[in-house]
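# Structural features, examined
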Amino acid sequence: MEMAVFLILLASVLLGTTEASSHVDHVPLVYDYYKESCPLAEEIVRRNVQIAVVKDPRMAASLLRLHFHDCFVMGCDASVLLDNSEGIVSEKQAGPNLNSIRGFEVIDEIKHILEKSCPCTVSCADILAIAARDAVVLRGGPSWNVYLGRRDSLEASFNGANQFIPAPNSSLETLIANFEQQGLHIGDLVALSGSHTMGKARCLSFRQRIYDTKYFRYHDKYKRDITFKKILQSICPESGKDDNLAPLDLVTPAKFDNNYFINVLQGEGLLGSDTVLTTQDEEGEIRKLVWAYASDEKRFFASFVESIIKMGNINVLTGEQGEIRRNCRFVNTH
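Residues numbered from 1 in each chain as written. Predicted model: local features only at pLDDT ≥ 70, side-chain atom pairs only at ≥ 80, totals over all residues. Heavy atoms only, no water.

### A closer look at the pattern of salt bridges
This model, assessed by the stated rule, comprises twelve salt bridges. In this structure, the salt-bridge partner of R202 is D243, at a minimum N-O distance of 2.6 Å. With R202 in strand β1 (residues 200–202) and D243 in the loop between α10 (224–235) and β2 (245–247), this pair connects stretches of sequence that are 41 residues apart. Looking at R202, the relative accessible area reads 15%, which means it is buried. For D243, a relative accessible area of 53% corresponds to the exposed category. If you follow the salt bridges from partner to partner, you end up with D83, K92, D108 and R329 in one network. (Salt bridge = Lys/Arg side-chain N within 4 Å of Asp/Glu carboxyl O. Helix = DSSP H or I, 4+ residues; strand = E, 2+ residues; numbered from the N terminus. Buried < 20%, exposed > 50% of the residue type's maximum accessible area, 1.4 Å probe, protein only.)

Have a look at this one:
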């Protein structure tokens, strides 16, 4: 009898130890994480994002995109910021990122200032999350509380970047699969696609969209699709000039609003991955959301905030996981 009691007590102790260890490994993100350790952290990020966007309005979309491309590969851990180094092949060289993602110098400057103010305290992953929020706000979009406490990865995933970041000509089926792999659903896909309400894309990213006839099957009597096609063809020829840029939203290219969804309904989404939201939606569920957001900007903003907070929690490193990099481009040398 005494042995049975002993075994029960031993099991309870071991179970409690296991549960405690589990809690250490999964520390949640929290609001105002740097209130004591670096109280000016978010203000430093906001001020420098503002300076960068004043100098280059396109930078707002670029910083938002950096956060997205980071979170879709291994999670929101700043792996996208790592340069090539011993044992690391940079995600910057992967197909979806090469000559495409930008804003690294802005993050470098923010990190440099933060390291002077609060050495080894604010992670590069948290900087990306805060900068994305501030970029959206500066272009007229919604604000939200950024939950913090992410830590930085010790590695990058070149293969993951090639595999998990959606391509600009992805089919709807592929887009849904990409998002589901990250724990995101169709509602998140549509809301986060609204990020294409600002910024620009390279000719290389939308050439197939304007020269493949499958993207222009849905004509209207006003010939708006033909006019749109001619405008894009004047920017992007069938060959060459890969780096020519076109705004993702021709109407309000520098503003974060719901005009993206109006464009998509009119057949004027710039990327193939924009047009498929309506042309390949056999169930009609996505089309209903596109209509809803096109007619109600507040509803889009609310859904976008919910989805980007959810995205910002993908496979985060917390507690003792990872590290706080001193330089966002390289892991710390020990």
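Having seen the structure, we can now continue with the description.
### A look at the state of the cysteines
Scanning all chains against the criterion turns up four disulfides. Each disulfide pairs two cysteine sulfurs, and for C38 the partner residue is C118, the sulfurs being separated by 2.0 Å. Every disulfide takes its handedness from the sign of the S-S torsion; for C38 and C118 that torsion is 75°, giving right-handed. Here C118 lies in the loop between α4 (104–117) and α5 (124–138) and C38 lies in the loop between α1 (2–25) and α2 (41–55), a separation of 80 residues in the sequence. Shown here is the disulfide that connects C203 with C236, its sulfur atoms set 1.9 Å apart. The chirality of the disulfide connecting C203 with C236 is right-handed, given an S-S dihedral of about 60°. Here C203 is found in helix α9 (residues 203–211), whereas its partner C236 is found in the loop between α10 and β2, with 33 residues between them in sequence. The two residues C203 and C236 agree in class, both being buried. (Disulfide = S-S within 2.5 Å.)

### Examining helix α12 (residues 272–279)
Extensive coverage of α12 is indicated by the burial of seven of its eight residues. Within the span of α12, buried status applies to G272, S273, D274, T275, V276, L277 and T278. Turning to α12, the residues buried within the fold contact α7 (172–181), α8 (186–193), α9, α11 (259–265) and α13 (285–295). (Contact = heavy atoms within 4.5 Å.)

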